[in-house]
Structure formats: structure tokens, C-alpha cells
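Structure assessment
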Amino acid sequence: MKSIRRQLTLTMLCGFGLLVILSSLTIYFLTRIALLNEFDSVLRAKAFTIMSLAEQGHNGIQVEIPRTLFLGTMADENSLFFELWQTNGVVCARSESLKDASLPLHYGSQAQPLYWNFDLPNGLPGRAIGLKFVPQMDDEDVGKMTPVEAIVMVAADRRSLDRTLDILGAVLVVSGLLTIIITIPMVNITLRRGHAPLEELARQAAAINADSLKVRFPVDSLPDELRPIAGRLNDLLQRLESSFERERRFSADIAHELRTPLSELRALAEVELKWPDGEASEKHRETLNIALQMEAMVTQLLALARSEDGKIPLKIETVEIAPLVEEIWRPLAARAKEKNLVFNFDIPSGTIISTDRTLFHSILANLLSNAVEYTPRDGNGKIRWSAGAKELTVSNTVHDLTAADMPHLFERLWRKDKSRTDREHCGLGLVLCQTFAEGLGLGLKATLDNGTLTISLVPRSGA
Amino acid sequence: MRVLLVEDSQRLQKSIGKALQKSGYVVDASGDGEGGLWLAESNDYDAIILDIMLPKLDGMTLLRRLRKNGRQTPVLMLTAKDTVADRVEGLQTGADDYLIKPFALEELLARVQALCRRQYDSKNNQVVVAGLKIDLTAHAATLGGQSLDLTAREYRLLEYLALRRGHIVTRGEIESHLYNESADLMSNAVDSAVCTLRKKLEIAGGANFIHTKRGLGYVLKEPE
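Values in this document were obtained by computation on a predicted structure and should not be read as measured data. (Residues numbered from 1 in each chain as written. Chains lettered and ligands numbered in written order. Predicted model: local features only at pLDDT ≥ 70, side-chain atom pairs only at ≥ 80, totals over all residues. Heavy atoms only, no water.)

Looking now at the overall build of chain A. When its secondary structure is counted, chain A shows seven helices and 15 strands. A burial count over chain A gives 39% of its 463 residues as buried. Contacts in chain A between residues far apart in sequence, at least 24 positions, make up 63% of those at least 6 positions apart. (Helix = DSSP H or I, 4+ residues; strand = E, 2+ residues; numbered from the N terminus. Buried < 20%, exposed > 50% of the residue type's maximum accessible area, 1.4 Å probe, protein only. Contact = heavy atoms within 4.5 Å.)

This is how it looks when you write it as C-alpha cells:
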């Protein structure tokens, strides 16, 4: 499993380890260069001393090496070696410490002497300088003698240098390792502290279930990095809470919707069995009505479930709106007349749209039947097609609908009358209309203005 | 026994009403909460069967107002809401019993009967006064082992007096427990009903169980 903490620990430790190694190496090599420079400058000083003492005479190059040459940092005369050569191969001077051996002939110029490491004749590790120079001569000899070139090489025991470098190396390795070892728990503790709010968030999130959707994450006390996450989670919880609430209400409503006709049916049958009164046809008619009501509800719920699953196949064709509205209105006209309703139709003839006739018919039939059913006696309504906006609107006067009811209008099984005494409508019509409309790429929009409810069937972008 | 039924489904109202009447209850019914509350406050019912989702005034509010006004009539909640929270809310509001739709008619009748009996501190389904035995479940009475031939109203009167045996029952109380809202009572309806019942008892056993307390009412007790 991926763990941010483990990954961060690993990355930080690797990074820190690399940093420690790099800085240790830098320290080591800088120190080594400094120490070598110092060692070389001592060698160079000794070589320059020999150089300054060498003098070209008539018998070649002569030099007198003082004992002080062996003083200084490399005081031991057995650990200092030198040789002075003439370029013709004659050795002019050499240290006693060389005994029978000789130094390898390597050299650079006076300005850029050559330094190298090698094993000293006594078998110890050493470092040497070699340079070519022109020895001085007496002023009176100048111009009389041809100047010859000489090579001076000085070598010294470099064990103390190596030891210093070894100690430095060991100190750096040990301190680096210690630093890394100490860093592990420190990184761990720091990350643990840093992650505490994240873990707290996770703990709170884990405690959330369907019954505790009212809980919100405290955003203010969180670090800046976690605030957007907690904010999004809170938004998600808000949405979940409202959809759970809607589902709960829907389930409760379904139960009530079906339980009531079921208990009617059961009570009717039980009373009839216990106290038969001979009015069989009346009872059968009641039973049939209850069954039809339940069937209508189940059919609508199924249609809703299917259309929400996108299982309704569409057959797109051109539909002329005016005759379709007329066809739907015909069976409703009697009821409208009975309630003394005045409905206006403002649909230009020849208005054609491209849609699925069956679904479009269902939507219009539902909207018109609702309009007739819920318009109070002596009220009025209007069915209008707006060519510009391509909107079909059904508006009618209502008497008990308030602005607070509007958000619930498209909720499943919602009815203004909570008692559901009205057995003809079960509160699924508008939801079905909306789902069907969505299937047709349309949307439903409802507005309430001065006691007039307007439901518009609009292109999806306007919904 | 007089029962108030507050239920918005006309069909259910009809079926339950018939079942209650056939079981010997006097039934008043209302299809909405406001009417139900008015009836419950104006009459003295032995039990109220109350739906929760009602037009105008929901059952819970009705019950709350009823209890607030001091009415202790036993209430049986009848509803499609079946969650524990709903039941707890109903019982905490002051309901005495809770029945979920759909229900068995027998169960409803049994529960209503238990609630009515509770009114009279009776946990038995039989009331015995000397040789007079009244079976509250079978709605039948016997005197000295012999069954009495009573009409439904006579039985109801006998049952009511027997449940309140030893206590004076006023004419008003008899009227409100034995006749429903729509009954058009003649001024001496209670007197003549008591007279008929007393005669039937006298014919069967020869003793006088129902004594008249002049100016007060009637009391059923062992013959003196």
C-alpha cells in the first residue's frame, strides 16, 4: 500500500543522505587540496632553497646543502630526499637518505613545477616536486660561460598527510552516519506531526456513515494544504446528505403510497369476509379501483426507473405541435368545462419539431392534465409556443402553491397535500416529465409569478 | 363503547367503521385533522383511532393538542410510517398504541377493545356481577348460566354499566358512549333503553341489577 509518510520518509532520508555524502566529500577533497597545497609549498620551498644555493662554476654546478633544509615540518633527515641533476645526466648533489637509490626523473618548469606521489626509496609513501631551472653564476662569469640547466627533485614522507586525511575521512563517515541515524526518527516525528491533521481528517472521514451525514469537517483549524480537501469533502457531504434525505423521503413515501391502498384492500376483504352484506359488485368495483391505482403507481415508478437508466429507445420524427396539443386536450376539455376553466392556446399552426412522438405526447399529456387538475375553479391557463426561444409553456393559476414549494415540484412522490388524500395523483407525473424531457435533450423549468404557475419545456441549455 | 376514527382514506374509513360497528362500537368518523380534533374535544370517547398523515391538521399535532387540553382518551395511532423513530415519536406524543398499515382487522379490533377496557381499569375480558356474566370479547351476556337475548344497543348499555359497576352513571354519559354524533336522541331515549334492559334481566333472573338514583342516573350492582 502506498504511504505518503513512508514515501516522504524515504525520499527525505535519501535526499538528506546524498546531501551528507556530497558535503562530506566536498569537505574531504577541499581539505585534501589544502593539505596537499601546504605540503607542496613546503616541498617547493625546499626545492627553491636548493635552487637558490646552486651555482654554476667552472666545474659544473655546485651546491652546499645546509642542515637547516631538513628542519621544518619534515625535520627527519631520513624522510627528506633530494637530487640535483644537470640536464646532461650528471648528478650534482643528492641527499644521504637516498643511499644507492635515486629519485625518478620527473620535472616541470620553474613556474609550474611537477608534483607526484610515489613510494620513497625507504618503501614509505612519499610526494615529490621536480623542476628545471638555470642555476645562477658569479657576476664575472656571466657572459663567459654558457649557462646550463639543472633539475632539482625533492621528495618527502607523506604519511602524516595521509594520516590527517584518513582521520578526516573517518570523522566525516562517522558523523555522516550519525547524522543520518539521528535524522530517521526526527524525520519520522516531524512527518507524524505534519500528518496529524491528515490522520485526524481520515479518522473523521472513517467515522462518517449514512446516519452521520450531518457532520462537517472543521475547516478553520486545518492547515492551508488540507483546507481545500476538507472544503470539497464538506461539499460532497452536503450533496450526499440531501440525496440521502431525498431517498429516505422517497422510500418513506413509497411505503405510505403502497401501504395505504394495501390496507384498504385488506380491510375491505376482511370486513367483507366477516360481515358479508350482499353488495358484491360495489366491493368489486372498489377493489378494482384500488388495484388500478396501485398499478398506475407501479407503472409510473417502473417508467421512471427505466427512463433514468436510459432504457427507453427513441424514435425521432417530425411532430406538428398544434394537432398534438389538440388531441391531448380533447379528453381534458370536459373536466375543464366542469370547473369553468378558460384555457388559451397560442401555438401557430404548422409549428413542427423533431422529437420522439410518444415521449413528447406523455410530457404534454402530463402537463396539461396537471394544469386542468390543479387550476382552481373559474381559473385560467395558457399553452404557448415561443418560436424564438423554441419553448413550449403551460401556465395556469394556482391557489395554494408557494415559493417554498417550488424546489420540491420535481421531486418524486412530492405532493402539496402531505396526507395524500388525493388518490388520483401520486406525485410522479412531473418527475416523469422531467426525465422524459432529459431523454429528448430538453429540460423542464417551473416559475411561480403572482399566483400563476408556468412550466416551460425548453432546449437543454436553457433549463 | 364509543370510538372516534380519524382517517383520510374514505375506503378505510368505511371498512374500519363497519368492522367497529359490527363489533358493537358506536363510531364517529372524520376525514381530516381539524374535524377529528373538534369531535375528540366535544365528545367523551372510549378510544380514538388516529391516522398520522391527515389533511388540514396532522395526527401528531392533533394528539399533542388533545393531550395539552387535558384529554386522556386512549389513542391508537394507525399509520403507514413504520420506522422505530416514528413509533417512538407517536408514543412519546401521547399515543397509547401504534398499528402499522396494512394491519389485520382482528388485531385492530383487539387493540381497540384493550384500550377501551383500560378506561375502566379492567384487564379481564369478562365482567361478573353476582350471576350476571358479560363476555366483552364475544359481546354476549348470561344470567345464571342462561344467555340473554339482547339487541346490540342493549348489550352496549349493559356492558357500559357493568364496566362502571358500583358507580353512578349519568344519562349524559350513557348518551355520549352509546350514541354517535348523528343519532337524533329523544329526551327519554336513555330511560326507555334502561327500562327495556331491566325488564329483560328481570325476566331472565327475576332480580333487579340496575338501580335508579333519582336525579343522578343509574348504577349497576348486585340485587339487594
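Bringing the sheet that holds strand S1 (residues 55–57) of chain A into the picture now. All names here are of chain A. Read from one edge of the open sheet, three strands run S2-S1-S7, paired in mixed fashion. Only two strands of the sheet have a single partner each, and these edge strands are strand S2 (60–62) and strand S7 (136–137). Pairing geometry for S1 and S2, over three bridges, is antiparallel. Considered in S2, the bridge of Gly57 is made with Gly60. (Pairing = 2+ DSSP bridges.)

Here the focus is the confidence of the model for chain A. Here chain A shows a mean pLDDT of 84. Residues at 70 or above account for 92%. Of all the helices and strands in chain A, helix H4 (residues 280–308) of chain A carries the lowest mean pLDDT, 75, while strand S6 (residues 125–133) of chain A carries the highest, 93. (pLDDT = per-residue confidence, 0-100.)

Residue and element names in this part refer to chain A. What the rule picks out here adds up to 27 salt bridges over all chains. A salt bridge links Arg94 to Glu83; its shortest N-O distance comes to 3.6 Å. With Arg94 in strand S4 (residues 91–94) and Glu83 in strand S3 (residues 80–86), this pair connects stretches of sequence that are eleven residues apart. Exposure remark for Glu83: the relative accessible area of 1% places this residue in the buried category. For the salt bridge of Glu373 with Arg335, the shortest nitrogen-to-oxygen distance reads 3.6 Å. With a gap of 38 residues between them, Glu373 in helix H6 (residues 357–374) and Arg335 in helix H5 (residues 321–338) connect regions that are remote in the sequence. Glu373 gets classed as partly exposed once you look at its relative accessible area, which sits at 28%. A relative accessible area of 31% places Arg335 in the partly exposed class. (Salt bridge = Lys/Arg side-chain N within 4 Å of Asp/Glu carboxyl O.)

A few words on the packing of aromatic side chains. Residue and element names in this part refer to chain A. Across all of its chains, the model carries four aromatic pairs over all chains by this definition. Ring centres 5.4 Å apart and planes at 90° place the aromatic pair Tyr28 and Phe29 in the edge-to-face group. Judged by its relative accessible area of 21%, Tyr28 is partly exposed. We classify Phe29 as partly exposed; its relative accessible area is 43%. Here the aromatic rings of Trp329 and Phe345 are separated by 5.2 Å at their centres, their planes lie at 75°, and the arrangement is edge-to-face. Here Trp329, found in helix H5, pairs with Phe345, found in strand S10 (residues 342–346); they are 16 residues apart in sequence, far enough to count as distant. Counting every residue linked through ring pairs, the aromatic cluster contains Trp329, Phe343 and Phe345. (Phe/Tyr/Trp six-rings, centres within 6.5 Å; stacked < 30°, edge-to-face > 60°.)

So, on to empty space enclosed by the protein. Residue and element names in this part refer to chain B. Tallied over the entire structure, the rule returns one cavity of 30 Å³ or more. Volume-wise, the largest cavity comes out at about 80 Å³. Met1, Ser23, Gly24, Tyr25, Gln113, Cys116, Arg117, Leu136, His139, Glu159 and Leu163 are the residues that line the largest cavity. Among the elements that line the lining of the largest cavity, the one with the most residues is helix H5 (residues 105–119), at three residues. The class makeup of the residues in the lining of the largest cavity is five nonpolar, four polar and two charged. (1 Å grid on protein atoms, 1.4 Å probe; cavity = no way out; pocket = protein on both sides within 12 Å on 5 of 7 lines; lining within 4 Å. Points joined across faces, edges and corners; volume = space filled by probe spheres on them. Nonpolar A, V, L, I, M, F, W, Y, C, P; charged D, E, K, R; others polar.)

Listed per partner, the contact involves 23 residues of chain B and 27 residues of chain A. Together, the buried faces of chain B and chain A total about 2200 Å²; carbon and sulfur atoms form 58% of this surface. Of all residues in chain B, Arg11, Lys18 and Met53 of chain B give up the largest surface area on contact with chain A, accounting jointly for 30% of the area buried on that side. Here chain B is connected to chain A by two salt bridges. Where chain B meets chain A, there are seven residue pairs in polar contact (both at pLDDT 80 or more). If you list the elements that add at least two residues to the side of chain B that touches chain A, you get helix H1 (10–22) and H5 of chain B. (Buried area = accessible area lost by both parts, 1.4 Å probe. Polar contact = N/O pair within 3.5 Å; in protein donor to acceptor, adjacent residues only side chain to side chain.)

Another aspect to go through is the nonpolar core. Ranked by size, the top nonpolar core spans 55 residues in total, and within it Ile49, Leu108 and Leu158 of chain B carry the most contacts. In this view, Leu158 of chain B contacts Leu132, Ile134, Ala141, Leu148, Leu150, Leu197, Leu201 and Leu220 of chain B; residues no more than four positions away in its chain are not counted. Counting 42 residues, the second-largest nonpolar core is a separate cluster that includes Met406, Leu409, Phe410 and Phe436 of chain A. (Core = buried A, V, L, I, M, F, W, Y, C linked by side-chain atoms within 4.5 Å.)

Residue and element names in this part refer to chain B. Taken together, four strands build an open sheet; the order of strands is S6-S7-S8-S9 and the sheet is antiparallel. With partners counted over all chains shown, the strands left at the sheet margins are strand S6 (126–129) and strand S9 (146–147), one partner each. Pairing analysis gives two bridges linking strand S8 (residues 140–143) to S9, with the strands arranged antiparallel. Bridge assignment links Thr142 to a residue of S9, and that residue is Ser147. Along the sheet, helix H6 (residues 152–163) makes contact with S6, strand S7 (132–135) and S8, crossing S7 at roughly 110°. (Axes fitted to C-alpha atoms, helices over the stretch in contact; angles between N-to-C directions.)

Moving on to the environment of Arg192 of chain A. Inspection of the secondary structure assignment puts Arg192 of chain A in helix H2 (residues 159–206). For the pair formed by Arg192 of chain A and Arg5 of chain A, sequence separation is 187 residues and the distance between their alpha carbons is 7.6 Å.

With that settled, the discussion passes to the confidence of the model for chain B. Scored by pLDDT, chain B has a mean of 85; 96% of the residues are at 70 or more. Listed scores for the predicted complex are pTM 0.52 and ipTM 0.74.

Below, the discussion takes up unusual backbone geometry. Residue and element names in this part refer to chain B. Between Lys101 and the following residue, Pro102, the backbone shows a cis peptide bond with an omega angle of -10°. Looking at where Pro102 falls in the secondary structure, it is placed in the loop between strand S5 (97–100) and H5. Here Ala130, not a glycine, exhibits a phi torsion of approximately 50°, which is positive. Its location among the elements puts Ala130 in the loop between S6 and S7.

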